[in-house]
Amino acid sequence: MINVTPSGQGLGARVENIDLSQPLSAENYKTIEGLLGKYGVLCFPKQQLSSQQLKDYSSNFGSLEINVANVYQEPGLPEVMILSNKKVDGKPIGLGDAGQDWHTDMSYSKMIAFTNVLYGIEIPRRNGEPLGSTEFSNMRAAYLALPEDLKTKLDGMTVLHDFNKFWENMRKQPGSTRAPLTEEQRKAKPPVSHPIFLTHPITGEKVLYANPGYSIRINELPEEESDRILAFLFEHQLQPQFRYRHRWTEGDVLMWDNMGTIHNAIADYKPDEPRYIKRCQVMADRYFPQAA
Ligand code: SIN
């Protein structure tokens, strides 16, 4: 029987007594889906997964994304991406700066993302404390806490999301190895619009679906007003009471709901403090088949 311990913070729960290397039963699938809706972020500690098993487990929840940048993939398994600052023969073996700003994965895509599944293999530590935590913020709570007049004003509006915004922001960071996106890569991911308040398909509740990483414009407002309201929303959605910080341990599988949360990978470790994580990104095609 699965054992669930809520974090007691703005979101997050620890889920024990389940081996993710084994086929997932229909009952456990339903339980995990419900927990993702309720807690937003789930940590499954002490897992031992091959890349194939990580892919197989993740595939239970929807189609897997192959990243548009097409780099740092597990050989033969392009759905498994390597997030790491490690180098071999001076060359990076993973995407070293993945997710290092607040964002929601794949909000720039017509088909949005449901869940990310990350498997922590090497976690940097200093003085016994884990580094490279992943932080989350709860977008259901952020929606509920909005001023009522703003909720009413924005209801039915849409936000434009652009993959290039995050990419360019990362390129500006010191030491970035990211090349500008090619014309072909940009064409593969043109900016897309989504409702500013999304009805969450698991909980049926409204969530704020805008994030500093990719959101560039509220389509229905003049540019200046859109900029002002987006700046307000970006500050509003990061209030401490909405937040949870995951401190990694080797063997953790961390799974989160991208529709109801935003996240940020904290870059507080140095190049000689290795972090090595494998990731699958699961699309929300189970919930929004019409967007496929
Ligand atoms: C991500 O944004 O998917 C990466 C998060 C992390 O590496 O902690």
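The model shown is predicted, which means the values in this text are computed figures rather than measured ones.

Trainee: I'm lost on the pattern of salt bridges in this one. Help?
Mentor: Think of it this way: side chains of opposite charge can pair up when their charged atoms draw near. Tallied over the entire structure, the rule returns 18 salt bridges. Among the ionic pairs, Lys30 bridges to Glu33, the shortest N-O distance being 2.8 Å. Residue Lys30 and its partner Glu33 are located together in helix H1 (residues 26-39), separated by three residues, close to a single helical turn. Judged by relative accessible area, which is 54%, Lys30 ranks as exposed. Residue Glu33 is classed as buried on the basis of its relative accessible area of 9%. The partner of Lys55 in a salt bridge is Glu79, with the nearest N and O atoms 3.6 Å apart. Here Glu79 lies in strand S5 (residues 77-84) and Lys55 lies in helix H2 (residues 51-59), a separation of 24 residues in the sequence. Glu79 carries the same exposure label as Lys55, and that label is buried.

Trainee: Teacher, can you tell me more about the environment of Pro195 here?
Mentor: Take Pro195: it is sitting in strand S13 (residues 192-195). Residues contacting Pro195, with those up to four places away along its chain left out, are Met157, Thr158 and Tyr209.

Trainee: Mind showing me how you'd approach the sheet that holds strand S1 (residues 3-6) here?
Mentor: The strands that make up a sheet pair up through hydrogen bonds in the backbone, lying either parallel or antiparallel. In space, the eight strands of this open sheet follow the order S1-S2-S3-S18-S8-S20-S5-S4, with mixed pairing throughout. Unpaired on one side and paired on the other, S1 and strand S4 (73-74) mark the two borders of the sheet. Pairing between strand S2 (residues 13-16) and strand S3 (residues 41-44): two bridges, direction parallel. Across the sheet, the residue bridging to Arg14 is Cys43, located in S3. Across the sheet, H1 is in contact with S1, S2, S3, strand S8 (113-122) and strand S18 (253-257); its angle to S3 comes to roughly 130°.

Trainee: How should I be thinking about the nonpolar core in this particular structure?
Mentor: Judged by nonpolar contacts, the single largest core of 69 residues is most densely connected at Ile32, Phe44 and Leu154. Element by element, the count of residues in this core is highest for H1, at five residues. Ignoring sequence-local partners within four residues, the contact set of Leu154 consists of Ile196, Phe197, Ile218, Leu221, Ile229 and Leu233. Membership of the second largest hydrophobic core comes to 15 residues, among which are Leu118, Tyr244, Trp248 and Trp256.

Trainee: What exactly am I supposed to notice about the packing of aromatic side chains here?
Mentor: Any aromatic ring pair is given by two values, namely how distant the centres are and how the planes are angled relative to each other. Enumeration according to the criterion identifies 13 aromatic pairs in this entry. Note on Tyr57 and Phe61: the rings are 5.4 Å apart at their centroids and 65° apart in plane angle, and the pair reads as edge-to-face. Of the two residues examined, Tyr57 and Phe61, each falls in the buried class. Relative to Tyr214, the ring of Phe166 has its centre 5.2 Å away and its plane inclined at 35°; by these criteria the two rings are tilted. Within this pair, whereas Phe166 is found in helix H5 (residues 163-171), its partner Tyr214 is found in the loop between strand S15 (206-208) and strand S16 (215-218), the two being separated by 48 residues in sequence. According to the relative accessible area criterion, Phe166 is buried, its value standing at 4%. Across the ring face of Tyr143, the terminal group of Lys151 is positioned such that the distance to the ring centre comes to 5.0 Å.

Rules behind the numbers
- Counting restarts for each chain: residues are numbered from 1 in the order of the written sequence.
- Restriction of local features to residues with pLDDT of at least 70 applies here, the model being predicted, together with a cutoff of 80 or more for giving and counting side-chain atom pairs; totals for whole chains, interfaces and linings are based on all residues.
- Side-chain figures throughout are based on the complete set of non-hydrogen atoms in the structure, without hydrogens or water.
- Here, a salt bridge means any side-chain nitrogen of Lys or Arg that lies within 4 Å of a carboxyl oxygen of Asp or Glu.
- Each helix corresponds to a stretch of at least 4 residues labelled H or I by DSSP, and each strand to a stretch of at least 2 residues labelled E; elements are numbered beginning at the N terminus.
- When a residue's accessible area, from a 1.4 Å probe over protein chains only, is under 20% of the maximum for its type it is buried; when over 50% it is exposed; and in between it is partly exposed.
- Note on definitions: a residue-residue contact is assigned when non-hydrogen atoms from the two residues lie within 4.5 Å.
- Two strands form a pair only when DSSP identifies at least two bridges running between them.
- Fitted lines through C-alpha atoms give the axes, limited to the stretch in contact for helices. The angle between two N-to-C directions lies from 0 to 180 degrees.
- Put simply, a nonpolar core is a bunch of buried Ala, Val, Leu, Ile, Met, Phe, Trp, Tyr and Cys residues held in one set by side-chain atoms that sit within 4.5 Å of each other.
- Centres within 6.5 Å are what make two rings of Phe, Tyr or Trp a pair, Trp counting through its six-membered ring; a difference in plane orientation under 30 degrees is then read as stacked, over 60 as edge-to-face, and the rest as tilted.
- Throughout this description, the term charge over a ring refers to an Arg CZ or Lys NZ atom that lies within 6 Å of the ring centre and within 35 degrees of the ring normal.

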